[in-house]
Amino acid sequence: AGVAALDAAGGAAALLPLLRVPRPELQAPLCRALGNLAHDGAAAALAPTALAALLAVAAKPKLAAAVAVDALWALGNLHSLCRDAFAEGAAVELAAFALRAVAGGGDGRLLAVAILRDLALRADGRKVLAAAGADATLRDARRAAEPGGGGRALDLLVGMIATSDL
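Attention in this report is confined to the structure presented alongside it. What you see is a predicted model, and the numbers here were worked out from it, not measured in a lab.

## Looking at the side chain of Gln 27
Phase 1: Relative to the helices and strands, Gln 27 resides in helix H2 (residues 24-37).
Phase 2: There is a polar contact of 3.2 Å between the side chain of Gln 27 and the backbone oxygen of Val 21.
Phase 3: Among residues more than four places away in sequence, those in contact with Gln 27 are Leu 19, Val 21, Pro 22, Lys 60 and Val 67.

Here it is in structure tokens:
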């Protein structure tokens, strides 16, 4: 019923202008809703309109933690299902956003590592990671990681990037 009502109101595109409102209490649930809509066949229809708006949110230098987590959720879901919608520039923006989340720690780190792993699995994704400066950022984050704070996962990512066929 909720998706039908959203479609009747103009679809997910009707939500996108609201992402420009600089209020985290509005942006976070909107990003989360877009991430939840990005599944199965719906992601392909959502990606062309939502991708630019979500990357614009992600590019903000002082992004509230809740917004960052929900934006990572939405962008990660879109990337997993609609990788072709991410032209190289958009993919580098996604990687840079995920790297900032890893470096900053906090709630978004798990989602960010999943996005980076997804990129690292493919040669074109490893090129994107190189363009975003992943090696240095991940090594720095690894050195700063607390015991049990995900350092081993970062080691695995660094290893995959370092031994790749770039």
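## So, the packing of H2 against helix H4 (residues 65-81)
Phase 1: Look at H2 against H4: their axes get within 8 Å of each other, and the N-to-C directions meet at 20°. Comparing their axes, H4 and H2 come out roughly parallel. As H2 runs across H4, the sense of the crossing is left-handed. Taken together, the residues of H4 that come into contact with H2 (itself represented by Pro 24, Gln 27, Ala 28, Pro 29, Cys 31, Arg 32, Leu 34, Gly 35 and Asn 36) are Ala 66, Val 67, Asp 70, Ala 71, Trp 73, Ala 74 and Asn 77.
Phase 2: When its residues are assigned to classes, the contact of H2 with H4 shows 10 nonpolar, four polar and two charged.

## Things to note about the state of the cysteines
Phase 1: As enumerated under the stated definition, the model contains zero disulfides in all.
Phase 2: Between Cys 31, a cysteine without a disulfide, and Cys 82, which holds the nearest cysteine sulfur, the sulfur-to-sulfur distance is 17 Å.
Phase 3: By relative accessible area, Cys 31 is classed as buried at 0%.

## Description of the environment of Leu 55
Phase 1: Mapped onto the elements, Leu 55 comes out in helix H3 (residues 42-58).
Phase 2: C-alpha of Leu 55 to C-alpha of Gly 125: the two residues are 70 residues apart in sequence and 17 Å apart in space.
Phase 3: Beyond its immediate stretch of four places on either side in the chain, Leu 55 contacts Leu 75, Ala 90, Glu 93 and Leu 94.

## As for the pattern of salt bridges
Phase 1: In total, this model carries seven salt bridges according to the counting rule given.
Phase 2: Measuring nitrogen to oxygen at the nearest pair gives 3.0 Å for the salt bridge that ties Asp 135 to Arg 139. Pair noted here: Asp 135 and Arg 139 are both in helix H8 (residues 134-144), with a separation of four residues, about one helical turn.
Phase 3: Residue class for Arg 139 comes out partly exposed when judged on its relative accessible area of 36%.
Phase 4: Where Arg 142 meets Asp 155, a salt bridge forms, and the shortest distance between an N and an O atom there is 2.8 Å. In this pair, Arg 142 is assigned in helix H8 and Asp 155 in helix H9 (residues 151-162), connecting sequence segments 13 residues apart.
Phase 5: Residue class for Asp 155 comes out partly exposed when judged on its relative accessible area of 35%.

Each value, and the rule that gives it
- Along every chain, residues carry numbers that run from 1 in the direction the sequence is written.
- In keeping with the predicted nature of the model, local features appear solely for residues at pLDDT of at least 70, side-chain atom pairs appear and are counted solely at 80 or more, and the whole-chain, interface and lining totals rest on all residues.
- Side-chain metrics rest on all non-hydrogen atoms present in the structure, leaving aside hydrogens and water.
- Numbering goes from the N terminus for both helices and strands, where a helix is a DSSP run of H or I of at least four residues and a strand is a run of E of at least two.
- Any N or O atom pair separated by 3.5 Å or less is treated as a polar contact, with the protein-specific requirement of one donor-capable and one acceptor-capable atom, and with residues adjacent in sequence counted only for side-chain atom pairs.
- Only heavy atoms enter the contact rule, under which two residues are in contact if any of them lie within 4.5 Å.
- A fitted line through C-alpha atoms serves as each axis, taken over the contacting stretch for helices, and the angle formed by two N-to-C directions is quoted from 0 to 180°.
- Small angles under 35 degrees read as roughly parallel and large ones over 145 as roughly antiparallel, with 65 to 115 read as roughly perpendicular and the rest as oblique.
- In this scheme the crossing of two helices becomes right-handed for a clockwise turn of the near helix relative to the far one and left-handed for an anticlockwise turn of less than a right angle.
- Amino acid classes used here: Ala, Val, Leu, Ile, Met, Phe, Trp, Tyr, Cys and Pro are nonpolar; Asp, Glu, Lys and Arg are charged; the rest, including Gly, are polar.
- Only a pair of cysteine sulfur atoms within 2.5 Å counts as a disulfide in this structure description.
- For every residue, the accessible area (1.4 Å probe, protein chains only) is compared with the maximum for its type, and the residue is labelled buried under 20%, exposed over 50%, or partly exposed between those bounds.
- Definition used for salt bridges: Asp or Glu carboxyl oxygen within 4 Å of a side-chain nitrogen of Lys or Arg.

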